[in-house]
Amino acid sequence: MKLIGLGVCVLFVSVASLAEAQPAAQSIPVSVDCGSGQSLNRTLSRLDESMSYTVSVNGTCTEYVHVIGFENLTLRGLSGAKLVQPSTSPGNLLNAVLLITSSRNVTVQGFSIQADTSTVSAVAIGHGSTDIRLRNMTVTGGSEGIIIFENSQVSIAYVSGQDPGFTTLGIYDGSDVHVEHCVFQETTGAFWHEGIALGASHITLYATAIRNMQVGIDANTGSIVDVLAYGTYYPIAGSTDVTIENSAGTSFYGVNVNAGGSLNLQSAKLVIVNPGQSWGSTTGGVLVSNGSSLNAGNGNLSITGSYGQGIMVLNNSHATVGAFTLTGSAHGGLVAANMSSIDVGASSAPSNVGGNNVDLFCDSRSVITGAANIAGAPTAQCANLLATETAPLP
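All values reported here derive from a predicted model rather than from experimental measurement.

1. Comments concerning the overall build of the protein
Secondary structure assignment for the protein yields 2 helices and 35 strands. For the C-alpha atoms alone, the extent of the protein along its principal axes is close to 75 × 40 × 30 Å. Counting all 394 residues of the protein, 58% fall into the buried class. Of the accessible surface of the protein, which amounts to about 14600 Å², a share of 53% is contributed by carbon and sulfur atoms. Side chains of the protein carry 11 positive and 24 negative charges; the gap between the two charge centres is 8 Å.

2. Focus on the packing of aromatic side chains
All told, the structure shown has 5 aromatic pairs when counted by the stated rule. With centroids separated by 5.0 Å and ring planes inclined at 55°, the aromatic side chains of Trp 192 and Phe 252 adopt a geometry described as tilted. Of the two residues, Trp 192 is situated in the loop between β15 (176–185) and β16 (194–199) and Phe 252 in the loop between β20 (242–245) and β21 (253–257); the sequence distance between them amounts to 60 residues. Judged by its relative accessible area of 33%, Trp 192 is partly exposed. Residue classification places Phe 252 among the buried residues on the basis of a relative accessible area of 15%. Note on Phe 252 and Trp 279: the rings are 5.7 Å apart at their centroids and 65° apart in plane angle, and the pair reads as edge-to-face. Separated by 27 residues along the polypeptide, Phe 252 in the loop between β20 and β21 and Trp 279 in the loop between β23 (270–273) and β24 (284–289) bring together distant segments of the chain. Taking relative accessible area as the criterion, Trp 279 reaches 51% and is therefore assigned exposed. Three or more aromatic residues joined by ring pairs form one cluster here, namely Phe 191, Trp 192, Phe 252 and Trp 279. When the ring centre of Tyr 233 is taken as reference, the NZ or CZ atom of Arg 135 above it lies at 5.0 Å.

3. Observations regarding the nonpolar core
The biggest cluster of nonpolar side chains holds 94 residues, and the ones touching the most others in it are Leu 40, Val 55, Ile 156 and Ile 311. Core analysis: the next-biggest nonpolar cluster, separate from the first, contains 8 residues, Val 215, Leu 287, Leu 314 and Val 335 among them.

4. Topic: the state of the cysteines
For the coordinates displayed, the defined rule picks out 2 disulfides. Disulfide partner of Cys 34: Cys 61, at an S-S distance of 1.9 Å. Judged by the torsion about the S-S bond (85°), the Cys 34/Cys 61 disulfide is right-handed. One end of the pair, Cys 34, is in the loop between β1 (28–33) and α2 (40–45); the other, Cys 61, is in strand β3 (residues 60–62), and 27 residues separate them in sequence. An identical accessibility class is assigned to Cys 34 and Cys 61; each is buried.

5. Concerning the pattern of salt bridges
Oppositely charged side chains can form a pair if their charged atoms are brought close together. Considering all chains together, one arrives at 3 salt bridges under this definition. Between Arg 104 and Glu 71 there is a salt bridge; the shortest N-O distance is 2.6 Å. Of this pair, Arg 104 sits in strand β8 (residues 104–109) while Glu 71 sits in strand β5 (residues 71–77), placing them 33 residues apart in sequence. Residue Arg 104 is classed as partly exposed on the basis of its relative accessible area, which comes to 45%. With relative accessibility at 31%, the residue Glu 71 sits in the partly exposed group. With its nearest N and O atoms 3.0 Å apart, the salt bridge here joins Arg 133 to Asp 131.

6. So, unusual backbone geometry
Most peptide bonds are trans, and most residues other than glycine sit at a negative phi. Residues Phe 191 and Trp 192 are joined by a peptide bond in cis, for which omega reads -5°. The residue Asn 72 is not glycine, and still its phi comes out positive at about 65°. Within the element layout of this structure, Asn 72 appears in strand β5. Of note in the backbone geometry, Ala 207 takes a positive phi value of approximately 50° without being a glycine. Structurally, Ala 207 is set in strand β17 (residues 202–211).

7. Focus: the environment of Gly 322
Of note, Gly 322 is situated in the loop between β28 (318–321) and β29 (325–327). Its relative accessible area of 0% is what places Gly 322 among the buried residues. As a C-alpha pair, Gly 322 and Ala 219 span 103 residues in sequence and 22 Å in three-dimensional space. Residues within four places of Gly 322 in sequence aside, it is in contact with Ala 296, Gly 297, Gly 299, Gly 345, Ser 347 and Ser 351.

8. Remarks on the environment of Tyr 233
Tracing the backbone through its elements, the reader meets Tyr 233 in the loop between β19 (224–227) and β20. Sequence separation between Tyr 233 and Ala 157 is 76 residues; the distance between their C-alpha atoms is 8.8 Å.

Basis of the calculations
Residues numbered from 1 in each chain as written. Predicted model: local features only at pLDDT ≥ 70, side-chain atom pairs only at ≥ 80, totals over all residues. Heavy atoms only, no water. Helix = DSSP H or I, 4+ residues; strand = E, 2+ residues; numbered from the N terminus. Buried < 20%, exposed > 50% of the residue type's maximum accessible area, 1.4 Å probe, protein only. Areas by Shrake-Rupley, 256 points an atom, 1.4 Å probe, with all protein chains shown as cover. Lys, Arg positive; Asp, Glu negative; His and termini not counted. Charge placed at Lys NZ, Arg CZ, Asp CG, Glu CD. Phe/Tyr/Trp six-rings, centres within 6.5 Å; stacked < 30°, edge-to-face > 60°. Lys NZ or Arg CZ within 6 Å of the ring centre and 35° of its normal. Core = buried A, V, L, I, M, F, W, Y, C linked by side-chain atoms within 4.5 Å. Disulfide = S-S within 2.5 Å. Salt bridge = Lys/Arg side-chain N within 4 Å of Asp/Glu carboxyl O. Contact = heavy atoms within 4.5 Å.

Okay, here's the thing in structure tokens:
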């Protein structure tokens, strides 16, 4: 599933999603009624993994469901269908309420999936699985709600995830994920939770909301986050914004980009509301650190009401911003420190950086360029502040 790019998750089935959900003509129909004592996992164990099946599921299946080595499989939850973690031990090896490994062209749709927050993930997809599609689902709990690992490729749409042990969506080991029209939220107020966590992986997302997490998006170890509207699976319609908000006041970082990662804002907008903590430090809207980058030259970025910093670029990192909005931070607005740089690029409209405690801050070994591209008269504590985007050239 190699695509050209890679929210508020509304749980409705669009015409496009219904069309996508139709099985291929040659798919063999299978029915499972967990409400009458049938087992989905037992049924799957009897199927030929190389054949195409559409398995319709009714009732609550209290079992660990394994999809291993399948091609061309659709698991369709009928109205009210649930996959629930059983009370029996999951065993010592990798397990999940729904485990998909070494599979290709698998669609799972229409289920509510529930797990505890300590022993297993609700959904785990790995071992090189490709073209896996999660659709119109609710995922509650799990040590990680959905975990994708070991070079797997997954598309997630119209999925609501909440109250995990750690993260609602974890993406690791060179995996590639597309997310659209989803909501990831924490409703318990407990610590520590992340909306999306990445390690050495890639995500493309738009039209998604992340609410009341300590970290909205956490991109580590060279991970790439592309905020980009794409029409691969569904027509682009309505708001394409990715919104990270924290009405509960428990946020530390809207987005944390670390260890050579990058955050790239393209044809969709990233909106961050009320991030950070009152003591400041490195908390705030976007932290870019340790050789990482923020690329927002097109201006598709808005950070308002940060309790900490607005954008902090730290430890040999760089940020480029365009006609964006950064207002109301209780500490710094644009902050560059420890041999880092921020460039405010020229664009069709000036950037709105104002109303922060200190709008522009840099230490003696860092630089902010393009100050002339900021509207008004921002307050500054930065000896290396250039009005232009470059120093005078020969």
